[in-house]
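Given next are the chains, with one letter for each unit.
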Amino acid sequence: MASPADRTPSAAPARVARRVVVEGVVQGVGFRPFVWRLATELGLDGSVLNLAGRVEAVVAGEPDAVEAFAARIATDAPPRARVERVTVLEADGAAPATAPGSGFVIDESVAAASAERLFPPDIATCDDCVRELWDPADRRYRYPFINCTNCGPRATIIDDLPYDRARTSMRAFPLCADCEREYRDPADRRFHAEPVACPACGPSLAYRPSGAPAPTARAEDALAATVADLLAGRIVAIKGLGGYHLACDATDAAAVARLRDRKRRWAKPFAVMVRDLDGARAVARVDEAETELLASPARPIVLVPLRVDASLDPGVTNGNRHVGLFLPYAPLHHLLMAAVGRPIVLTSGNLSDEPIVMHDAEALERLAPVADAFLQHDREIRARYDDSVTRAVGEGAAARASIIRRGRGYAPDPLDIPVATPVPLLAVGAELKHTFTLARGSRAHVAPHTGDLEDLLVHRAFEENLAHLARLLDLAPDLVVHDLHPAYLSTQYAVARFAAERRVAVQHHHAHVASAAAENGHGGRFIGVAYDGLGMGDDGTFWGGEILVADLAGYRRVGRFGLAPMPGGALAVKRPYRMALGYLLGAEEVAGGPATEGAGDAGARLSIDPDLATPFVARLDPREVEVVRVQIARGLNAPVASSAGRLFDAVSSLLGLRDVAEYEAQAAVDLETAAADIEAAPLPSRLVRTDGILVYDPRPTLAAVLERHAAGEPPGVIAAAFHATIVAVTEELVDAAVRETGIRTVALSGGVFQNQRIAGALAASLRRAGLEVLFNERVPANDGGISYGQSAVAAARLAAGAG
């Protein structure tokens, strides 16, 4: 065969050079090593590098090989990558040399401005690393920080982009010779794995009893001391990926009770980590969809039905029929769970209502009253990421994941918005379950859950997280989007920092339903069903049981729940019996016509017989009842609300299930728990058209609740009937909107739709009616999704020129 030098020009194979730009989540997921292997396989010369938020490759070779490279760079990408756009350009004169036979190399990353700066969430330990963790012959045997290009910390260690070791907290750990060799070897699984480390050069564990001036054990001894503490019933604060956890033996009643008391979390269920899927099945009934969620790379906490024979202490769930389970997602978890040999409570490292602690000094101070000891490590956490919480809604092939709290494993993965924003914007969300969103173009970056903004430390964490994410994304917002409620701290933040012409106000429930529509890519008209606790309406009253005809830019209210006063304002949320009194003593007397019989019987009461309410009122403090009477009669701190969530609270109290709530929505959770799997027909209901709006008058429903309760009917049966009533009433409200508008797409959002019974039954019913149903899946239906909905609404308004 003739050598290349002997070939005539006409015999030389054709050769082309191209610059290939790849956008999406392509940093921190092993993308450059993948590109190197692909180019090498195809015999191409050239180079690849990280450039701000994208990957750029210059390749040269035969045309077919270059074409195959451009195609396979998307189809064969690493599992945690998300390729969104591949652009093939001519390789201009500024491109690196691509002479035949020069080979393919990985160049150093370049920090440059970019419209797209994406980076991945933390990724659970992969199977290959778990195998090495347990292999006595491996040099990383039992190393708590093992990782590779397919797993490990990402978002929680990044200082800046492009994603390279020097721009992460791992720069404090110079690579040893062995790790350096792996890091530089394109054929190695740890090629350019930025968090790569080993016992010789990487982070290490340290154990410190609470109050001790310095660690008393390190490495394996630190792990052994922690295991001994957990087995002895003590509480240990454990430093994780995105913050600290508080851990104790989930089968030890005394340990669980101490943790509740010290953390000041007296009612809300704890999350539980189990060693593996068999461990999950031992304490819960886990179906296929839930199994898939538990084992996913995100490793979220998954709400699953608790087994009656579960070994967990009952205090873990506090009467809830579901338990939040998750599997080990860091190597340290695998080591702990294998050694402890039983489920452990692993809850956020904070006091109740505070943000998760992420700094060591802060942990030693703030968690000292809670923890008996600390298991720490010396890899710094750069961003606060609490664990994500999810559940599966629906059954079989129709089952889908629904995020309740978006954090580690999902954030900061961006979501698209159907209408691109013409200017960068910041959406500051609501007050509870706070998140914020930074949006540019068609991309919305929803920050991880922080907590309830009314807490000073949460507000401080919000500001820190915003500064960090804005820097990483190189995004300076031109506009801020906020809620209508002037007292929300998020609104006050917006007003204090942005001039009036740079602010966009979005109604709370429009943001809710817009979030469900937008994440499903729906930019047209839809019927929105927004059921939650409270949100400021455009008429100055509190809304919460709303039917809207909407698109992303605007809405029209066509249906609602009947009004009732909230005696004491926010106090009525914490004391559901006040909400029940609000309905009994001051429910709106809905007038109008024509009235329609609801899903219940024709004998629906249009008022509540005082005699029926007597047993309920008699068990309350008479002084409190009199205060409420005066508040309602005089309109003193008794704002009215059309709230579905508050109606759930009232019914829960009327049935004797929950009079005082220790956490938000606890009364509604108890009502759902009582309903269990009981089948029941709907209670009486009434719909009335008034002022052009179809109104659900709940008085007949509440009268039936009281009648049946007085007759001795079990609370669970009545609770099930109430759930069926809400589903039936919503079907009628939606049907009326469909008949009026011809719109056949329905978006369901708001905290009430975290009620699995309501969400599942209503979605199934609407689909049977031939309607398309849009749910929140990747952002929470609760107020954690408000900021994303705000960004979608503001973008649509700005694009339409109506901002």
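Cut-offs and rules
Along each chain, residues carry numbers from 1 onward, in the same order as the chain's sequence is written. Given that the model is predicted, a residue must reach a pLDDT of at least 70 before its local features are reported, and side-chain atom pairs must reach 80 or more before they are shown or counted; all residues, however, enter totals for whole chains, interfaces and linings. The side-chain numbers reported here are obtained from all heavy atoms of the structure, hydrogens and water having been left aside. In this description a helix means any DSSP run of H or I spanning at least four residues, a strand means any run of E spanning at least two, and both kinds are numbered starting from the N terminus. In this description the radius of gyration comes from C-alpha coordinates, and the expected globular size is given by 2.2 Å times residues to the power 0.38. Only protein chains enter the accessibility calculation, which uses a 1.4 Å probe. A residue is then buried if its area is under 20% of the maximum for its type, exposed if over 50%, and partly exposed in between. Residues are treated as being in contact if the distance between any of their heavy atoms lies within 4.5 Å. Methods summary: accessible areas were calculated by the Shrake-Rupley approach with a probe of 1.4 Å, and residue burial reflects only the protein chains presented. In this tally, Asp and Glu contribute negative charge and Lys and Arg positive charge; neither His nor the terminal groups of the chain are included. To locate a charge, the coordinates of NZ of Lys, CZ of Arg, CG of Asp or CD of Glu are taken. A cavity here means a set of 1 Å grid points, computed over protein atoms only, where a 1.4 Å probe fits but cannot escape. A pocket is an open set with protein on both sides within 12 Å along at least 5 of 7 lines, and lining residues have an atom within 4 Å of a point. Grid points are joined across faces, edges and corners, and a volume is the space filled by probe spheres set on the points. Residues were grouped as follows: Ala, Val, Leu, Ile, Met, Phe, Trp, Tyr, Cys and Pro as nonpolar; Asp, Glu, Lys and Arg as charged; and all remaining residues, including Gly, as polar. Whether two aromatic rings pair depends on their centres lying within 6.5 Å, for rings of Phe, Tyr and Trp, where Trp uses its six-membered ring; planes under 30 degrees apart make the pair stacked, over 60 edge-to-face, and the rest tilted. Cation placement over rings: the criterion is NZ of Lys or CZ of Arg within 6 Å of the ring centroid and within 35° of the ring normal. As used in this record, nonpolar core signifies buried Ala, Val, Leu, Ile, Met, Phe, Trp, Tyr and Cys residues forming a set joined through side-chain atoms within 4.5 Å. At least two bridges found by DSSP between two strands is the condition for calling them paired. For every element, the axis is a line fit to its C-alpha atoms; helices are fit only across the contacting stretch, and the angle between N-to-C directions ranges from 0 to 180 degrees. These descriptions rest on fixed angle ranges, namely under 35 degrees for roughly parallel, over 145 for roughly antiparallel, 65 to 115 for roughly perpendicular, and the rest for oblique. Note on convention: near helix rotated counterclockwise from far helix by under a right angle means a left-handed crossing. Clockwise means right-handed. Polar contact is defined as a pair of N or O atoms within 3.5 Å, subject to the rule that within protein one atom must be able to donate a hydrogen and the other to accept it, and that residues adjacent in sequence are counted only when both atoms are side-chain atoms. Here a helix's expected span is defined as the number of its residues, less one, multiplied by 1.5 Å. Each salt bridge in this description consists of a side-chain nitrogen of Lys or Arg and a carboxyl oxygen of Asp or Glu lying within 4 Å of one another.

## Comments concerning the overall build of the protein
Link 1 in the chain: Assigned secondary structure in the protein consists of 23 helices and 30 strands.
Link 2 in the chain: The globule rule puts the C-alpha radius of gyration for 803 residues at 28 Å, and the 29 Å found for the protein is close to it.
Link 3 in the chain: Principal-axis analysis of the C-alpha atoms gives the protein an extent of 105 × 65 × 50 Å.
Link 4 in the chain: Among the 803 residues that make up the protein, the fraction classed as buried is 59%.
Link 5 in the chain: Across the protein, contacts joining residues at least 24 apart in sequence account for 73% of those joining residues at least 6 apart.
Link 6 in the chain: Accessible surface computed for the protein: about 29,200 Å², of which carbon and sulfur atoms make up 52%.
Link 7 in the chain: Each charge sign in the protein was given a centre, from 84 positive and 101 negative side chains, and these centres are 2 Å apart.

## Things to note about the side chain of S749
Link 1 in the chain: Relative to the elements of secondary structure, S749 occurs in strand β29 (residues 745–749).
Link 2 in the chain: What S749 contacts, discounting residues up to four positions off in sequence, is H512, V513, S515, A516, V529, A530, Y531, N776 and A781.

## Thoughts on the layout of surface pockets
Link 1 in the chain: In this structure, the second largest pocket spans a volume of roughly 650 Å³.
Link 2 in the chain: Taken together, the elements giving at least two residues each to the lining of the second largest pocket come down to β4 (82–90), α8 (288–294), β16 (400–405) and β17 (415–427).
Link 3 in the chain: Residues that form the lining of the second largest pocket fall into these classes: 17 nonpolar, two polar and 11 charged.

## A short note on the packing of aromatic side chains
Link 1 in the chain: As enumerated under the stated definition, the model contains 11 aromatic pairs in all.
Link 2 in the chain: Above the face of the Y329 ring, R408 is positioned so that its terminal group lies 3.4 Å from the ring centre.
Link 3 in the chain: The positively charged end of R557 is found above the aromatic ring belonging to W543, 3.9 Å away from the centroid.

## Topic: the nonpolar core
Link 1 in the chain: Formed by 74 residues in total, the largest nonpolar core has its most connected members in Y531, I726, L748 and F753.
Link 2 in the chain: Of all the elements, helix α21 (residues 715–741) adds the most residues to this core, at 13 residues.
Link 3 in the chain: The next biggest cluster of nonpolar side chains, apart from the first, holds 69 residues, and it includes L133, A197, F326 and I404.

## Quick look at the pairing of β17
Link 1 in the chain: Relative to strand β18 (residues 437–446), β17 runs antiparallel, the two being bridged by six bridges. Within the sheet, the bridge partner assigned to D416 lies in β18 and is R443.
Link 2 in the chain: Taken together, the three bridges between β17 and strand β19 (residues 479–483) define a ladder with parallel strand orientation. If you follow L425 over to β19, its bridge partner there is L479.

## Section: empty space enclosed by the protein
Link 1 in the chain: Tallied over the full model, the rule gives seven cavities of 30 Å³ or more.
Link 2 in the chain: Reported here for the largest cavity is a volume of approximately 150 Å³.
Link 3 in the chain: Of all the elements, helix α9 (residues 331–340) adds the most residues to the lining of the largest cavity, at three residues.
Link 4 in the chain: Across the lining of the largest cavity, the residue classes break down as 11 nonpolar, six polar and two charged.
Link 5 in the chain: The volume enclosed by the second largest cavity comes to roughly 100 Å³.
Link 6 in the chain: What lines the second largest cavity is a set of 16 residues, and nearest its centre among them are G28, V29, G30, Y163 and H192.

## Focus on the packing of helix α18 (residues 644–654) against α21
Link 1 in the chain: Running from amino to carboxyl end, α18 crosses α21 at an angle of 160°, the nearest separation of the two axes being 11 Å. As summarised for this structure, α18 and α21 are arranged roughly antiparallel, according to the angle between their axes. Of the two possible hands of crossing, α18 and α21 adopt the one that is right-handed. Contacts from L647, F648 and V651 of α18 reach α21 at F722, H723 and I726.

## Details of the sheet that holds strand β2 (residues 45–51)
Strands in a sheet are paired, the pairing made by backbone hydrogen bonds, and the direction either parallel or antiparallel.
Link 1 in the chain: The strand order across the open sheet built from five strands is β4-β1-β3-β2-β5, with neighbouring strands paired in mixed fashion. A single partner strand is all that each edge strand has here, and the edge strands are β4 and β5 (104–106). The sheet shows a mean angle of 15° between the axes of neighbouring strands, direction not considered.
Link 2 in the chain: Pairing geometry for strand β1 (residues 16–25) and strand β3 (residues 54–61), over seven bridges, is antiparallel. Residue pairing for β3: V22 is matched across the bridge by V55.
Link 3 in the chain: Set on the sheet, helix α1 (residues 31–41) makes contact with β1, β2, β3, β4 and β5; between it and β5 the angle comes to about 175°.

## Things to note about the environment of R165
Link 1 in the chain: Inspection of the secondary structure assignment puts R165 in the loop between α3 (127–133) and α4 (177–184).
Link 2 in the chain: Among the polar contacts made by the side chain of R165, one reaches the main-chain carbonyl oxygen of F173 at a distance of 2.9 Å.
Link 3 in the chain: Polar contacts involving the side chain of R165 include one to the main-chain carbonyl oxygen of E194, which spans 2.6 Å.

## Some thoughts on unusual backbone geometry
Trans is the common state for peptide bonds, and a negative phi is the common state for residues other than glycine.
Link 1 in the chain: In the segment running from L161 into P162, the intervening peptide bond is cis, with an omega of 5°.
Link 2 in the chain: If you trace the backbone, P162 turns up in the loop between α3 and α4.
Link 3 in the chain: Residues A411 and P412 are joined by a peptide bond in cis, for which omega reads 5°.
Link 4 in the chain: For P412, the location among the structural elements is in the loop between β16 and β17.
Link 5 in the chain: Of note in this structure, A219 is not a glycine but carries a positive phi near 55°.
Link 6 in the chain: Among the structural elements, A219 can be located in helix α5 (residues 219–231).
Link 7 in the chain: With a relative accessible area of 42%, A219 lands in the partly exposed category.
Link 8 in the chain: Positive phi outside glycine occurs at N318, with the angle close to 55°.
Link 9 in the chain: Of note, N318 is situated in the loop between β11 (301–305) and β12 (322–326).

## Concerning α5
Link 1 in the chain: With 13 residues, α5 should reach 18 Å at 1.5 Å per residue; the first-to-last C-alpha distance of 19 Å fits that figure.
Link 2 in the chain: Those residues of α5 lying buried are A222, L223, A225, T226, V227, D229 and L230.
Link 3 in the chain: Looking at the buried residues of α5, the elements they touch are β6 (205–209), β7 (217–218), β8 (236–239), β9 (244–249), α9 and β14 (373–377).
Link 4 in the chain: Positive backbone phi, at 85°, marks G233, one or two positions downstream of α5.

## Brief notes about the packing of helix α15 (residues 576–586) against helix α17 (residues 622–634)
Link 1 in the chain: The contact between α15 and α17 brings their axes to 10 Å, and the two run at 50°. Compared by their axis directions, α15 and α17 come out oblique. As for the relative orientation of α15 and α17, their crossing is right-handed in sense. Here Y577, R578, L581, G582, L585 and G586 of α15 come into contact with α17, specifically with E624, V625, V627, V628, R629, Q631 and I632.
Link 2 in the chain: Partitioning the contact of α15 with α17 into residue classes produces seven nonpolar, three polar and three charged.

## Some remarks on the pattern of salt bridges
Link 1 in the chain: Enumeration according to the criterion identifies 52 salt bridges in this entry.
Link 2 in the chain: Between D413 and R82 there is a salt bridge whose closest N-O contact spans 3.5 Å. In this pair, D413 is assigned in the loop between β16 and β17 and R82 in strand β4, connecting sequence segments 331 residues apart.
Link 3 in the chain: A salt bridge links R658 to D670; the shortest N-O distance between them is 2.8 Å. Separated by 12 residues along the polypeptide, R658 in the loop between α18 and α19 (666–675) and D670 in helix α19 bring together distant segments of the chain.
Link 4 in the chain: A relative accessible area of 23% places R658 in the partly exposed class.
Link 5 in the chain: By relative accessible area, D670 is classed as buried at 18%.
Link 6 in the chain: In this structure, a network of salt bridges that share partners links the residues R82, E84, D413, D416 and R443.

Interpretation note: all reported values are geometric properties and have no functional meaning in isolation.
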